[in-house]
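The primary structure of each chain is shown beneath.
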Amino acid sequence: MGNFPHTLDEKGRVIIPRKYRDEIATKESSTGLVVTMSPENCLFLYTENHWEELNARQEAQNKGSQEFWKFQRWFHANAESLNPDKQGRVLIPERLRTLAKIEREIVFAGCFDRIEVWPRGDWETAQQEAWKAYGDNVGVYLAGGPPGEGDPSAS
């Protein structure tokens, strides 16, 4: 949960917010992380354990689909392991910084099962877009059912 603005140093390193580091240390057997590209030009950051769970779910899917191959090709070929140093810093690979258009100012955003890493300006735009959709969907998603079920606006 939460969002935290941070700044990359000249080498492309950034300190993972303490809140996230503490939560990972409490819940996980490893402090290692995996970063990959998202479809929205931000980065997805997963714990190693969750990354392995995602891989297991993909193993169970139909591997004959070309769409699935394309997904895997993008998702996995752009993934990198990150191991925080003693100060909690990680080096975001230059290739991923370039793909996500990350320069210096970033925002870490807790997003359910992952941490998203956004260029600060893009984060602000994404938040505005999310705010527009939030009011339309809050009843559906908080109720936990498909549209119309549990949605107070549907009655």
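Chains are numbered independently. Their residues run from 1 in the order of the written sequence. Residue-level local features of this predicted model are given only where pLDDT is at least 70; pairs of side-chain atoms are given and counted only at 80 or more, and the full residue set underlies all totals for whole chains, interfaces and linings. Side-chain metrics rest on all non-hydrogen atoms present in the structure, leaving aside hydrogens and water.

A. Structural context of the pattern of salt bridges. Criterion for a salt bridge: a side-chain nitrogen of Lys or Arg within 4 Å of a carboxyl oxygen of Asp or Glu. Throughout the structure, instances matching the rule amount to nine salt bridges. Linking R95 and E80 is a salt bridge whose minimum nitrogen-to-oxygen distance equals 2.6 Å. Note that R95 is positioned in helix α4 (residues 94-99) and E80 in strand β5 (residues 80-82), a separation of 15 residues in sequence. Buried means the residue's accessible area, taken with a 1.4 Å probe over protein chains only, is under 20% of the maximum for its type, while exposed means over 50%, and partly exposed covers the values in between. Judged by relative accessible area, R95 falls into the partly exposed class, the value being 35%. Exposure remark for E80: the relative accessible area of 29% places this residue in the partly exposed category. Bridged by salt links that share partners, the residues D113, R114 and E116 form one connected network. Helix numbering and strand numbering both begin at the N terminus, where a helix is a DSSP run of H or I of at least 4 residues and a strand a DSSP run of E of at least 2.

B. Here's a closer look at the side chain of E116. With respect to the element layout, E116 can be found in strand β8 (residues 114-119). Under this definition, polar contacts are N or O atom pairs within 3.5 Å; protein pairs additionally need one hydrogen-donor-capable and one acceptor-capable atom, and for neighbouring residues in sequence, both atoms have to be side-chain atoms. A polar contact of 2.9 Å, which involves the side chain of E116, links it to the side chain of R114. At a separation of 2.9 Å, a polar atom in the side chain of E116 contacts the side chain of W118. Excluding anything up to four places from it in sequence, E116 contacts C42, L43, F44, V107, F108, A109 and C111. In this analysis, two residues are considered to be in contact whenever any of their non-hydrogen atoms come within 4.5 Å of each other.

C. Spatial organisation of the layout of surface pockets. Its volume calculated, the largest pocket comes out at about 600 Å³. Those elements giving two or more residues to the lining of the largest pocket turn out to be β7 (105-111), β8 and α5 (120-143). For the lining of the largest pocket, the element with the most residues is α5, which contributes twelve residues. Three classes are used, and their members are as follows: Ala, Val, Leu, Ile, Met, Phe, Trp, Tyr, Cys and Pro are nonpolar, Asp, Glu, Lys and Arg are charged, and the others, Gly among them, are polar. When grouped by side-chain class, the residues that make up the lining of the largest pocket number 13 nonpolar, five polar and four charged. Definitions used throughout: a 1 Å grid over protein atoms alone; a cavity as a set of points that fits a 1.4 Å probe which cannot get out; a pocket as an open set with protein on both sides within 12 Å along at least five of seven lines; a lining residue as one with an atom within 4 Å of a point. Grid points are joined across faces, edges and corners, and a volume is the space filled by probe spheres set on the points. Taken as a whole, the second largest pocket spans an internal volume of roughly 420 Å³. Lining the second largest pocket are 19 residues, and of these E23, T47, F112, D113 and R114 sit closest to its centre. Of all the secondary structure elements, the ones that give two or more residues to the lining of the second largest pocket are α1 (18-27), β4 (43-47), α2 (48-59), β7 and β8. Here the lining of the second largest pocket takes four residues from α1, the largest share from any one element. Class assignment for the residues of the lining of the second largest pocket results in nine nonpolar, four polar and six charged.

D. Representation of the environment of L54. Relative to the helices and strands, L54 is located in helix α2. A relative accessible area of 12% means that L54 is categorised as buried. Each C-alpha atom of the pair L54 and F44 lies 13 Å from the other, and the pair is ten residues apart in sequence. Leave out the neighbours within four places in its chain, and L54 touches Y46 and F75.

E. Broad picture of the packing of aromatic side chains. Two rings from Phe, Tyr or Trp (for Trp, the six-membered ring) form a pair when their centres sit within 6.5 Å of each other. Planes less than 30 degrees apart are called stacked, planes more than 60 degrees apart edge-to-face, and all others tilted. Tallied over the full model, the rule gives nine aromatic pairs. For the pair Y46 and F75, a centre-to-centre distance of 6.2 Å together with 70° between the ring planes defines the contact as edge-to-face. Here Y46, found in strand β4, pairs with F75, found in helix α3 (residues 66-77); they are 29 residues apart in sequence, far enough to count as distant. Residue classification places Y46 among the buried residues on the basis of a relative accessible area of 6%. Relative to W123, the ring of W118 lies with its centre 6.1 Å away and its plane at 55°, an arrangement referred to as tilted.

Limitation: the analysis is restricted to geometry and does not speak to function.
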